[in-house]
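Given next are the chains, with one letter for each unit.
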Amino acid sequence: MIKVLIVEDSKVIADYIEFILNSDPEIQVIGKVTNGKRAISFIQKTKPDIITMDIDMPVMDGLVATRIIMETNATPILIVTASRNARETKVTMEALAAGALTVVEKPVGIGNQYEIEKRDKLISMIKIMQSVKVVSRKKNKEGVPKKTLGIDKKKLALNNFRNKKIVGIGISSGGPQVLKKIFSRITGQFPYPIVVVQHISEGFLDGLVTWLSRLSMIPVHIAEDMETVLPGHIYFAPDNHQLEINNLRARLVKTEKKPGLLCPSVAHLFKNLAKNNGSSTIAMLLTGMGSDGAKELKTLREAGTITIAQDKKSSLVHGMPGEAIKLGAAEYIMNTDEITDLLFDIEKDHVRNGQ
């Protein structure tokens, strides 16, 4: 039985979410609280398997509660939000960066044309997320050096990273925090385009891109069909499309929704990069549940690509990169600080050598 705590200040919505979840025999709602402060108090006494977290609440909102829970009593958190206005989208992305696993839209009530889909999505996400092992997000103290894995700098000779064409990134749960970190230091002088497949609930990619755009010195876009991808720019695969890169042009392949089919998928992007770019690629498989892209990262490595997997300690969920490591697909295993430093060093090397 999956034990769920509902954190929601509207009694009507909380009761409706409870009704939806309790309709599934594998799920049991063990508590409902009206703000983040009460949620923290609840889980100190009774440990749920997963928390559904509203964002806009009195006393303590969902962002602050998520930060505290992930620092003190890490529990899988599913953000359930109704609004996509600029303020709430920003707060939602910050909550994902603080350690929430993903975000879904609130069910809106019987009679809405999308209601069955939203109800099914909520139940499906609860079942998927409840078994995920999340790690605590300890607050970083200023002035304390961050520990790294001590990657052999000789292995990371920057000349190995020269004369590439593209960086491909696959990422899922925990993505916003990691992307915010690794894009924080590079600028428009970065020598390659960066293409990203980020697993996120449909309709929330625009908010993620807008949020990252405000925090990055590098332009961030949702990829458009047949556009040329430019150095020093970041491109995300859009909802319901697979992303391919052919001769540095984005190609979007519309895909029908099917149960179990990821769209966009890291596997599709990595297969395409192996076929068309091979040794001209730097590929990274970062935090996320499941195994999307793991086999394809190995294919890339065999094609001469530089392949990187995120280490377990710095991953919110070590599913995707962990599977890649098991397969021997990763040439390098790095934490987020090391990946951030690497991207920055590639840019510095490019500027220094006037490439």
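Residues numbered from 1 in each chain as written. Predicted model: local features only at pLDDT ≥ 70, side-chain atom pairs only at ≥ 80, totals over all residues. Heavy atoms only, no water.

1. Things to note about the overall build of the protein chain
For step 1, the next point in the chain: A count of helices and strands for the protein chain gives eleven helices and 14 strands.
For step 2, the next point in the chain: Computed over the C-alpha atoms, the radius of gyration of the protein chain is 20 Å, within 12% of the 20 Å expected from 2.2 N^0.38 for a compact globule of 355 residues.
For step 3, the next point in the chain: By its C-alpha atoms, the protein chain is 60 × 50 × 35 Å across when sized along the principal axes.
For step 4, the next point in the chain: By residue count, 55% of the 355 residues in the protein chain fall in the buried class.
For step 5, the next point in the chain: A separation threshold of at least 6 residues defines the contact pool for the protein chain, and within that pool the share at least 24 residues apart is 73%.
For step 6, the next point in the chain: A total accessible area of about 16000 Å² is found for the protein chain, and carbon and sulfur atoms account for 50% of it.
For step 7, the next point in the chain: Side-chain charges in the protein chain split into 48 positive and 39 negative, and the spacing between the mean points of these groups amounts to 5 Å. (Helix = DSSP H or I, 4+ residues; strand = E, 2+ residues; numbered from the N terminus. Rg over C-alpha atoms; globule rule 2.2 N^0.38 Å. Buried < 20%, exposed > 50% of the residue type's maximum accessible area, 1.4 Å probe, protein only. Contact = heavy atoms within 4.5 Å. Areas by Shrake-Rupley, 256 points an atom, 1.4 Å probe, with all protein chains shown as cover. Lys, Arg positive; Asp, Glu negative; His and termini not counted. Charge placed at Lys NZ, Arg CZ, Asp CG, Glu CD.)

2. Points about unusual backbone geometry
For step 1, the next point in the chain: In this model, C263 is joined to P264 through a cis peptide bond whose omega is 5°.
For step 2, the next point in the chain: In this structure, P264 sits in the loop between β11 (249-254) and α8 (266-276).
For step 3, the next point in the chain: Positive phi is not limited to glycine here, since M226 has a value of about 70°.
For step 4, the next point in the chain: What makes M226 partly exposed here is its relative accessible area of 41%.

3. Quick look at the sheet that holds strand β2 (residues 27-33)
For step 1, the next point in the chain: If you walk across this open sheet you meet the five strands as β2-β1-β3-β4-β5, and the pairing is parallel. Of all the strands in the sheet, just β2 and β5 (102-105) have a single pairing partner and so form its edges. Direction aside, neighbouring strands of the sheet carry axes that sit 25° apart on average.
For step 2, the next point in the chain: Both strand β1 (residues 2-7) and strand β3 (residues 50-53) contribute to a ladder of four bridges, which runs parallel. Residue pairing in the sheet places V4 in a bridge with I50 of β3.
For step 3, the next point in the chain: Set on the sheet, helix α1 (residues 11-22) makes contact with β1, β2 and β4 (77-81); between it and β2 the angle comes to about 165°. (Pairing = 2+ DSSP bridges. Axes fitted to C-alpha atoms, helices over the stretch in contact; angles between N-to-C directions.)

4. What about the pattern of salt bridges?
For step 1, the next point in the chain: For the structure on display, the rule yields 16 salt bridges.
For step 2, the next point in the chain: The partner of K326 in a salt bridge is E323, and the shortest N-O contact between them spans 3.3 Å. On the criterion of helical spacing, the pair formed by K326 and E323 is a turn pair, its members being three residues apart in helix α10 (residues 319-326).
For step 3, the next point in the chain: By relative accessible area, K326 is classed as exposed at 67%.
For step 4, the next point in the chain: A salt bridge links D349 to R352, with the nearest nitrogen and oxygen atoms 3.6 Å apart. Of the two residues, D349 and R352 both sit in helix α11 (residues 336-352), three residues apart, roughly one turn of that helix.
For step 5, the next point in the chain: The exposure class of R352 is exposed, given its relative accessible area of 57%.
For step 6, the next point in the chain: Each of K11, D15, E18 and K32 takes part in a single network of salt bridges with overlapping partners. (Salt bridge = Lys/Arg side-chain N within 4 Å of Asp/Glu carboxyl O.)

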